[in-house]
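Per-entry structural report
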Amino acid sequence: MTTDLAWTDTRSSAPPALGGVSHYLALSRLPVAVFTWIPYVVGGLLVPGLGVGGWLVLIGAGTLLQAFACHVNDLTDLASDRLNPARLRSPLVRGAVAPATVAGWAVTEAAVLAAAAWALADGTVARAGLVGVVVLTAWLNILQKSPERGSPMLWDYLFGVAMAAPLPLVALARGGHAGLPVCLLVVGFGFHMVATNSSVGNLKDIATDRSAGSRTTAIALGVRTRHEGGFHFPRRYLAFVLSAQVGVAGCTVAAAVVLGVRGWDVRQAVLAMGGAVLALASSAGLARLFTGPGPFADVSRSELTAPSRRGQLPPGWLRNGGWSFGNTLAFLLGCAAVLPGPSAARLAIAVAGWFAAVLAVARLRTVRARRDALGTGATGAAS
């Protein structure tokens, strides 16, 4: 229940220490950790007085949870990943890092998250809840594709709970609580995770999951690949994914309505209404992908037949996953409408800074890859 590898590491000449760090970063999918730490940070900002140190701790906690989920996921999916051409550059698949090492990372991450929650949270309920998120994350990543245990549709909804729950739990841990508009946004974020995981998350690996005997929502509900590209979507699968997306739009619009009824200023009105409009537009975009010509065609043709491009998002991802980014932005706009102005600005700075850093590092990796390729070519010509 993680996103695809956004960065890969193909260097074999790096020093062992640097190589280990590079493998850790590649397997942690850090470019998309922003989606995991946003609920932590928003929950912290709901209570006044969050300092820079606390802000960084919450970003770190969300990022570490992302890494933990990815490492458990990679260990669980190792058999199917070895069949997937898009995963050939994974350090774990190609044997650059041992499964025992990745397991050690996961155990350490879980221990750090649990210890931090117990030491820093205020109240037993918040502590137990934050530790429970770690346990639920591990459990879901272990069972998510099991051919025999439980319902993958239920696992998808529990995944949404695990992703959204840190927001109210962190607020509670700081001695505060989430009001009705925030609770609506939290539920909408959970629906967003369900829709994303059961569509892009399932479809990009469906061929190898089926070959490995795994069972996901898409497979259980009868999705099949077409020879000409794209997929055949049964009505029950469409109903599952689109109903989750309707939940996203409904909760976002409802949060805006509650804010309006309670009385909002111009800033809140613009942000809340902007989030509602964006959620509705994302719903229309997802419906169009399912009903238009060649739905998700780039996913079936490119991501299942070729490795992801180094330092870049997979081919076609923006077109097929842009609606998911729209959901996330709608959630952020809704949260910014609820938060006081200074806190909303700090949230915007954190998110913008994260994406700027991701793009900058990806650009540096691409430039270095081109430079290395030119150097290799020049050496070959000289010899």
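A short note on the overall build of the chain
Secondary structure summary: the chain contains 16 helices and two strands in total. The buried share of the chain, reckoned over its 383 residues, is 53%. Of the contacts made within the chain by residues no fewer than 6 positions apart, 76% connect residues no fewer than 24 positions apart. By element, 69% of the accessible surface of the chain is carried by carbon and sulfur atoms, the whole surface being about 16,300 Å².

So, the layout of surface pockets
Estimated volume of the largest pocket: approximately 390 Å³. Lining the largest pocket are 19 residues, with Val-57, Leu-58, Ala-61, Ala-116 and Leu-120 sitting closest to its centre. Listed by contribution, the elements that provide at least two residues to the lining of the largest pocket are helix H3 (52-76), helix H5 (99-120), helix H6 (124-143) and helix H8 (166-173). It is H3 that contributes the most residues to the lining of the largest pocket, six residues altogether. Its residues assigned to classes, the lining of the largest pocket comprises 16 nonpolar, two polar and one charged.

Regarding the packing of helix H7 (residues 152-164) against helix H9 (residues 180-203)
For any two helices packed against each other, the geometry comes down to the angle between their axes and how far apart the axes lie. It is at 8 Å that the axes of H7 and H9 come closest, and there the two elements cross at 130°. With respect to H9, the element H7 is oriented oblique. In terms of crossing hand, the pair formed by H7 and H9 is right-handed. Judged by residue contacts, Asp-156, Tyr-157, Phe-159, Gly-160, Met-163 and Ala-164 of H7 engage Val-186, Phe-189, Gly-190, Phe-191, Met-193, Val-194, Asn-197, Ser-198 and Asn-202 from H9. A per-class count over the contact of H7 with H9 returns nine nonpolar, five polar and one charged.

Focus on the packing of H3 against H6
Two elements in contact, H3 and H6, have axes separated by 8 Å at closest approach and are oriented at 25°. It follows that H3 is roughly parallel to H6 by the angle criterion. The way H3 lies across H6 gives a crossing that is right-handed. In contact with Leu-65, Phe-68, Ala-69, Val-72, Asn-73 and Thr-76 of H3, H6 contributes Val-133, Val-134, Thr-137, Ala-138, Asn-141 and Ile-142. Considered class by class, the residues forming the contact of H3 with H6 number eight nonpolar, four polar and no charged.

Looking at the nonpolar core
Core analysis: the biggest nonpolar cluster contains 67 residues, and Trp-37, Ile-38, Tyr-40, Val-41, Phe-68, Leu-130 and Leu-347 have the highest contact counts within it. In this structure Leu-347 touches Val-41, Val-42, Leu-45, Leu-332, Cys-335 and Leu-339, once residues within four positions along its chain are discounted. Grouped together as the second largest cluster of nonpolar side chains are 19 residues, Ala-195, Phe-233, Val-241 and Trp-323 included.

Some words on the packing of aromatic side chains
All told, the structure shown has 12 aromatic pairs when counted by the stated rule. For the ring pair Tyr-157 and Phe-240, a centre distance of 5.7 Å and an interplane angle of 85° mean the geometry is edge-to-face. Residue Tyr-157 is located in helix H7, and its partner Phe-240 is located in helix H12 (residues 235-262); the two are separated by 83 residues in the primary sequence. Since its relative accessible area comes to 31%, Tyr-157 is described here as partly exposed. On the basis of an interplanar angle of 35° and a centroid distance of 4.6 Å, the ring pair of Phe-189 and Phe-331 is categorised as tilted. With a gap of 142 residues between them, Phe-189 in helix H9 and Phe-331 in helix H15 (residues 317-338) connect regions that are remote in the sequence. When sorted by exposure, Phe-189 lands in the same class as Phe-331, which is buried. Three or more aromatic residues joined by ring pairs make a cluster, and in this case those are Phe-231, Phe-233, Tyr-237 and Phe-290. Its end group placed over the ring of Trp-118, Arg-127 keeps NZ or CZ at 5.7 Å from the ring centre. It is Arg-346 that lies over the ring of Trp-55; its NZ or CZ is 5.4 Å from the centre.

Considerations on the environment of Phe-159
One can find Phe-159 in helix H7. A sequence separation of 34 residues divides Phe-159 from Met-193, and the C-alpha atoms of the two residues are 7.2 Å apart.

Quick notes on the environment of Trp-37
Relative to the helices and strands, Trp-37 resides in helix H2 (residues 34-45). Each C-alpha atom of the pair Trp-37 and Met-163 lies 9.2 Å from the other, and the pair is 126 residues apart in sequence. Setting aside chain neighbours within four positions, we find Trp-37 in contact with Leu-58, Ile-59, Gly-62, Thr-63, Ala-350, Val-351 and Trp-354.

So, unusual backbone geometry
Even without being a glycine, Arg-29 presents a positive backbone phi close to 50°. The residue Arg-29 is located in the loop between helix H1 (16-28) and H2 in this model.

Section: the confidence of the model for the chain
On average, the chain scores 82 in pLDDT, and the residues at 70 or more come to 82%. No element of the chain has a lower mean pLDDT than helix H14 (residues 297-303), which averages 41, and none a higher one than H12, which averages 96. Here residues 3-18 is a poorly scored stretch, pLDDT under 50, and it has 43 contacts once near neighbours within four places are set aside; other chains count.

Let's talk about the side chain of His-192
When you line up the elements, His-192 lands in helix H9. Other than its neighbours up to four places away in sequence, His-192 contacts Val-248, Ser-324, Asn-327 and Thr-328.

Considering H8
In an α-helix, one turn spans 3.6 residues; hence positions three or four apart end up facing the same way. Counting buried positions along H8 yields six of eight residues, so the element is predominantly enclosed. Within the sequence span of H8, burial applies to Pro-166, Leu-167, Leu-169, Val-170, Ala-171 and Ala-173. Immediately beyond the C-terminal end of H8, within one or two residues, lies Gly-175, with a positive phi of roughly 85°.

Criteria and thresholds
- Residues numbered from 1 in each chain as written.
- Predicted model: local features only at pLDDT ≥ 70, side-chain atom pairs only at ≥ 80, totals over all residues.
- Heavy atoms only, no water.
- Helix = DSSP H or I, 4+ residues; strand = E, 2+ residues; numbered from the N terminus.
- Buried < 20%, exposed > 50% of the residue type's maximum accessible area, 1.4 Å probe, protein only.
- Contact = heavy atoms within 4.5 Å.
- Areas by Shrake-Rupley, 256 points an atom, 1.4 Å probe, with all protein chains shown as cover.
- 1 Å grid on protein atoms, 1.4 Å probe; cavity = no way out; pocket = protein on both sides within 12 Å on 5 of 7 lines; lining within 4 Å.
- Points joined across faces, edges and corners; volume = space filled by probe spheres on them.
- Nonpolar A, V, L, I, M, F, W, Y, C, P; charged D, E, K, R; others polar.
- Axes fitted to C-alpha atoms, helices over the stretch in contact; angles between N-to-C directions.
- Parallel < 35°, antiparallel > 145°, perpendicular 65-115°, else oblique.
- Left-handed = near helix turned anticlockwise from the far one by under 90°.
- Core = buried A, V, L, I, M, F, W, Y, C linked by side-chain atoms within 4.5 Å.
- Phe/Tyr/Trp six-rings, centres within 6.5 Å; stacked < 30°, edge-to-face > 60°.
- Lys NZ or Arg CZ within 6 Å of the ring centre and 35° of its normal.
- pLDDT = per-residue confidence, 0-100.

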